[in-house]
Amino acid sequence: MSSTTAPNTEPAARPGGPLRDPAFWRLWSATTASGLATWALPFILGLAVLDGSLTAIDLGLVLALRTAGFLAAVPAGGLLADRYSRRAVVLWSGLAAALATPVLVLGMGSSTALMAAAATVVGAGQGACRPAFQALTAEVVPEHHRQQANAALTFSTRVSTLVAPGLTALLALVTGLWVLLLGTAALWLVAALAPARGASAPPARARAPFHTEFLDGLAEARRHPWFLAGLGALTVVIATGYSATGVLLPVAGRDHYGSEAVLAGALTAYTAGALLGAVIVSRFKPRAQGWTALAGLGLYALAPLSLVAPVGPVVVMAAYAVVGVGIELFNVPWFTAVQREVAPDKLARVSSLDFLFSYGLAPVGLALIGPAAAAWGAGPVLVACALACVAAPALAALAPGGRTFSSPRPAPARSTADPATEPAAG
């Protein structure tokens, strides 16, 4: 069984911070490439439905199996990244996704089974690399630069979300969809090959069975009450506020305003707000960082509240912009705190729990919001979602360590020669 602590693997600081460190830029390139590839696949397959290359049923099956592969691989990726080199886990998971993508192309329009199998492997590659990237960030970037580094990583993700739809649609006009899919394979190759090695290999230790090491990761997570509380709050907000956006924002746009422009405008405003939030949080370090982050998460309540009544498109877009700022006020300090507080040899496993619960339970909320709105009406459901988005972070703020996202340090072992335990000289 692994120990509760690990040797110091703090990387050496470079003058000028992470933005002048070649190792960080290699990591940034890899995470950006993986994010682009992850985002692009469902969009490109959606275009395939529009041109008749793929049926809507096949699209749903392929995307569902990709999600299943992701969820299955996240905990496995965390275990492997704590047992072996984080760099190696990123390499092999990225290569798996890159090699499976051409198989997806071969199956498109000819073999649903082949597409389904390839999509599962792509999802597994995506899931396995997520906790490894989180742990690798802690190896590559010194602690006092990680908030700025995490802000830069999330900034690239938001820029991709903002720019990529139009760019992909434009490329689809001048090239075939199969070329775009192969482009995602190239992005996965970048994700696999770009990162530099971390500060050190995992500490040598006896190898326990995988289930024992998974339980070790759970025990480490339980050692940080603020982490369990914050993860619970994040899961609730994603399952309610995020689901309200995904399911009821299009309905509100149609019913209140008779236009799809509100949907596009709100999502664009959210991304723009997130970009602003990433810039703010790269320099903003309040003392009560945990409470500030949870307050930012609670701002997600504005998203469902803005949809309850026809308050005007500008108000809806402004609410979503504030929500975008708030989510990055939470995300960046959250990732930074996990990288700082969790034992280095268990970081990937604990990060995998983060992704597993926050991403894994999102489909449950998406599946339930629609039937709930049909049964009780969209208004009451939206108000309930807003209340949940406020209550969950507020409760998480009461957890031990919630104010600063920090855990008490274990007291050093007292030496047998400690003067306090020695009898006084007579």
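Residues numbered from 1 in each chain as written. Predicted model: local features only at pLDDT ≥ 70, side-chain atom pairs only at ≥ 80, totals over all residues. Heavy atoms only, no water.

Q: Let's hear about the packing of aromatic side chains: which residues, and what values?
A: Within the structure shown, the criterion is met by 12 aromatic pairs. Aromatic ring contacts, followed pair by pair, group Trp226, Phe227, Phe330, Trp334 and Phe405 into a single cluster. In this structure, Arg403 is placed above the aromatic ring of Trp291, and the distance from its NZ or CZ to the ring centre is 5.6 Å. (Phe/Tyr/Trp six-rings, centres within 6.5 Å; stacked < 30°, edge-to-face > 60°. Lys NZ or Arg CZ within 6 Å of the ring centre and 35° of its normal.)

Q: Explain the side chain of His224 to me, using residue names and the numbers behind them.
A: Residue placement: His224 occurs in the loop between helix H7 (210-222) and helix H8 (225-257). On the basis of relative accessible area, His224 is assigned to the buried category, the value being 1%. For His224, the side chain forms a polar contact with the side chain of Arg223, separated by 3.5 Å. At 2.5 Å, the side chain of His224 and the side chain of Ser407 are in polar contact. (Helix = DSSP H or I, 4+ residues; strand = E, 2+ residues; numbered from the N terminus. Buried < 20%, exposed > 50% of the residue type's maximum accessible area, 1.4 Å probe, protein only. Polar contact = N/O pair within 3.5 Å; in protein donor to acceptor, adjacent residues only side chain to side chain.)

Q: So, the pattern of salt bridges: which residues are in play, and what are the values?
A: Inspection of the entire model under this criterion finds nine salt bridges. Close ionic contact of Arg86 with Asp82 constitutes a salt bridge, the shortest N to O distance being 2.6 Å. One exposure class covers both Arg86 and Asp82, and it is buried. For the salt bridge of Arg158 with Glu328, the shortest nitrogen-to-oxygen distance reads 2.7 Å. Note that Arg158 is positioned in helix H5 (residues 146-174) and Glu328 in helix H12 (residues 313-341), a separation of 170 residues in sequence. Each member of the pair Arg158 and Glu328 is classed as buried. Among the ionic contacts, a cluster of salt bridges with common partners joins Asp82, Arg86, Glu139 and Arg349. (Salt bridge = Lys/Arg side-chain N within 4 Å of Asp/Glu carboxyl O.)

Q: Requested: an account of unusual backbone geometry, with residues and values cited.
A: Among all residues save glycine, negative phi is the norm, and among peptide bonds the norm is trans. A positive phi angle, near 55 degrees, is found at Phe405, a position not held by glycine. Mapped onto the secondary structure, Phe405 falls in the segment after helix H15 (378-396). On the accessibility criterion, Phe405 (0% relative accessible area) is buried.

Q: Please provide a residue-by-residue account of empty space enclosed by the protein, values included.
A: Counted according to the given criterion, the structure contains four cavities of 30 Å³ or more. Each pocket or cavity is described by its volume, and for the largest cavity that value is around 50 Å³. Around the largest cavity sit Ala37, Thr38, Leu41, Arg66, Thr101, Leu104, Val122, Gln126, Thr184 and Trp188, which together line it. Elements that contribute at least two residues to the lining of the largest cavity include exactly helix H1 (22-50), helix H3 (86-107), helix H4 (112-140) and helix H6 (177-193). Per-element tally for the lining of the largest cavity: the top contributor is H1, with three residues. Class assignment for the residues of the lining of the largest cavity results in five nonpolar, four polar and one charged. (1 Å grid on protein atoms, 1.4 Å probe; cavity = no way out; pocket = protein on both sides within 12 Å on 5 of 7 lines; lining within 4 Å. Points joined across faces, edges and corners; volume = space filled by probe spheres on them. Nonpolar A, V, L, I, M, F, W, Y, C, P; charged D, E, K, R; others polar.)

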